[in-house]
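# Summary of structural features
So you can see what is in the structure, the chains are spelled out below.
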Amino acid sequence: TLYALLDAVRRHETIYKAAGAVHGCALATNGEGSAEILAFVEDVGRHNAVDAIAGRMWLDDIDGSDKIFYTTGRLTSEMVIKAAQMRIPFLVSRSG
């Protein structure tokens, strides 16, 4: 599932490929051996991308309890707290 998610995110990173210096965050399903990206946001600020995902979840009434949250940047304690508030049990970071 994680390998499928990494591959899907790689295909969504259009701004990063063109300009670099942005962070990407994704909300994905947690399937058996697969992952479908429900929302993907690129922004210069990691927290802005997390907040955009949270907003999309709220607007579309998406339950986070069976989802994966992925970020290209480091996970700060604030990002972990936000993911917990969104009830997302799995957090994955491409960075340290």
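What comes next concerns the included structure. (Residues numbered from 1 in each chain as written. Predicted model: local features only at pLDDT ≥ 70, side-chain atom pairs only at ≥ 80, totals over all residues. Heavy atoms only, no water.)

Read across the sheet, four strands follow the order S2-S1-S3-S4 without closing on themselves; strand pairing throughout is mixed. Both edges of this open sheet fall to strand S2 (37-43) and strand S4 (90-93), since each of them pairs with a single strand only. Across the sheet, the mean angle from the axis of one strand to that of its neighbour is 15 degrees, orientation sign disregarded. With four bridges joining them, strand S3 (residues 67-71) and S4 adopt parallel strand pairing. Following the sheet pairing, Phe-69 is matched in S4 by Leu-91. (Pairing = 2+ DSSP bridges. Helix = DSSP H or I, 4+ residues; strand = E, 2+ residues; numbered from the N terminus. Axes fitted to C-alpha atoms, helices over the stretch in contact; angles between N-to-C directions.)

This part takes up the environment of Leu-75. With respect to the element layout, Leu-75 can be found in the loop between S3 and helix H4 (77-85). With 20 residues separating them along the chain, Leu-75 and Ser-95 place their C-alpha atoms 8.1 Å apart.

What follows covers the nonpolar core. In this structure, Cys-25, Leu-27, Ala-39, Val-41, Ala-49, Val-50, Ile-53, Met-57, Phe-69, Met-79, Met-86 and Ile-88 together form the largest nonpolar core, which totals twelve residues. In terms of residue count, the dominant contributor to this core is helix H3 (residues 46-59) (four residues). Contacts of Ala-39, omitting those with residues within four sequence positions, involve Cys-25, Ala-26, Leu-27, Ile-53 and Arg-56. Listed in part, the eleven residues of the second largest apolar core include Ala-28, Phe-40, Tyr-70 and Val-92. (Core = buried A, V, L, I, M, F, W, Y, C linked by side-chain atoms within 4.5 Å. Buried < 20%, exposed > 50% of the residue type's maximum accessible area, 1.4 Å probe, protein only. Contact = heavy atoms within 4.5 Å.)

This paragraph deals with the packing of H3 against H4. One can describe the packing of H3 onto H4 by two numbers: an axis separation of 10 Å at closest approach and a directional angle of 5 degrees. Comparing their axes, H4 and H3 come out roughly parallel. Only Glu-78, Met-79 and Lys-82 of H4 make contact with H3, whose side of the interface consists of Arg-46, His-47, Val-50 and Asp-51. The residue makeup of the contact of H3 with H4, split by class, is two nonpolar, one polar and four charged. (Parallel < 35°, antiparallel > 145°, perpendicular 65-115°, else oblique. Nonpolar A, V, L, I, M, F, W, Y, C, P; charged D, E, K, R; others polar.)

On to the environment of Asp-7, then. Tracing the backbone shows Asp-7 in helix H1 (residues 2-12). Asp-7 sits in the partly exposed class, given a relative accessible area of 30%. Counting along the chain gives 28 residues from Asp-7 to Ala-35, while the straight-line C-alpha distance between them is 9.4 Å.

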